[in-house]
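# Examination of the molecular architecture
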Amino acid sequence: MAEGLKPKSKKFNKVMLILAPLLAVALVVCVYNFISIQVEIAEKNEELSNLTSQVEEVENENKLLSRYSLEEYKIEYIETIARDKLGYAKPEERIYYIVPAD
């Protein structure tokens, strides 16, 4: 044998037999946790984009409603409600209903 090199002891081999599976289990747990966290991040990002689009819709609706709160647009708002919700029309208007084909 070369000088300074010693054969591995039996005690070292026993420690490695116990330590290697523990390290493997720890690695598997870490990989599992990493993957589950990445999946959760993707879900939260999707939820965030959905909420962001909902916020934009509500902000647009608020802008429209705040516009109708001005005195000059109150009549327009009343006409919009009458047309859209109540089905009314002005005397010179014609309303067309699109009926889907069966």
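A brief look at the structure comes next. Within each chain, residue numbers correspond to sequence positions counted from 1 in written order. Reporting in this predicted model follows two pLDDT cut-offs: at least 70 for local features of residues, and 80 or more for side-chain atom pairs to be given and counted; totals over whole chains, interfaces and linings ignore these cut-offs and use all residues. The basis for every side-chain value is the complete set of heavy atoms in the structure, and neither hydrogens nor water enter the calculation.

Let us now look at the overall build of the protein. Within the protein one finds two helices and zero strands. As a reference, a globule follows 2.2 Å times the number of residues to the power 0.38, and the radius of gyration itself is taken over C-alpha atoms. For a compact globule of 102 residues, the expected C-alpha radius of gyration is about 13 Å, and the protein comes in at 35 Å, more than 25% above that figure. Taken along the three principal axes of its C-alpha coordinates, the protein extends 110 × 45 × 20 Å. Note on classification: 1.4 Å probe, protein chains only; a residue is buried when its accessible area is under 20% of the maximum for its type, exposed when over 50%, partly exposed between these limits. Every one of the 102 residues in the protein was classed for burial, and the buried ones make up 2%. Working definition: helices are DSSP H or I runs of at least four residues, strands are E runs of at least two. Numbering for both runs from the N terminus.

Take the packing of helix α1 (residues 10-68) against helix α2 (residues 74-84) next. α2 packs onto α1 with a crossing angle of 120° between their chain directions and a minimal axis gap of 8 Å. Between α1 and α2, the crossing angle belongs to the class labelled oblique. Of the residues in α2, those in contact with L65, R67 and Y68 of α1 are K74, E76, Y77 and T80. Note on residue categories: nonpolar means Ala, Val, Leu, Ile, Met, Phe, Trp, Tyr, Cys or Pro, charged means Asp, Glu, Lys or Arg, and polar means any other residue, Gly included. Among the residues making up the contact of α1 with α2, the classes are represented as three nonpolar, one polar and three charged. Here an angle of 0 to 180 degrees is reported between the N-to-C directions of two axes, which are lines fitted to C-alpha atoms, with helices fitted over the stretch in contact. Angular relationships are summarised with four words: roughly parallel below 35 degrees, roughly antiparallel beyond 145, roughly perpendicular across 65 to 115, and oblique for the angles in between. It only takes one pair of heavy atoms within 4.5 Å for two residues to be counted as in contact.

On the surface, F12, V15, M16, L17, I18, L19, L22 and L23 cluster together to form a nonpolar patch covering roughly 790 Å² of accessible area. Mapping V15 onto the fold places it in helix α1. On the basis of relative accessibility, which here comes to 43%, the residue V15 falls in the partly exposed class. The patch calculation keeps residues exceeding 30% relative accessible area without a salt bridge and links them within 9 Å when they carry like charges or within 5 Å when they are nonpolar (Val, Leu, Ile, Met, Phe, Trp, Tyr). Here, Shrake-Rupley sampling with a 1.4 Å probe gives the accessible areas, and only protein chains in the shown set may cover a residue. Here, a salt bridge means any Lys or Arg side-chain nitrogen found within 4 Å of an Asp or Glu carboxyl oxygen.

Below, the discussion takes up a negative patch on the surface. A cluster of acidic side chains, namely E56, E57, E59 and E61, defines a negative patch on the protein surface. Position of E56 among the secondary structure elements: in helix α1. For E56, a relative accessible area of 46% gives the class partly exposed. In this tally, Lys and Arg are treated as positive and Asp and Glu as negative; His is ignored, and so are the chain termini. By convention, the charge on Lys lies at NZ, on Arg at CZ, on Asp at CG and on Glu at CD.

Bear in mind that shape data such as this cannot, by itself, settle questions of function.
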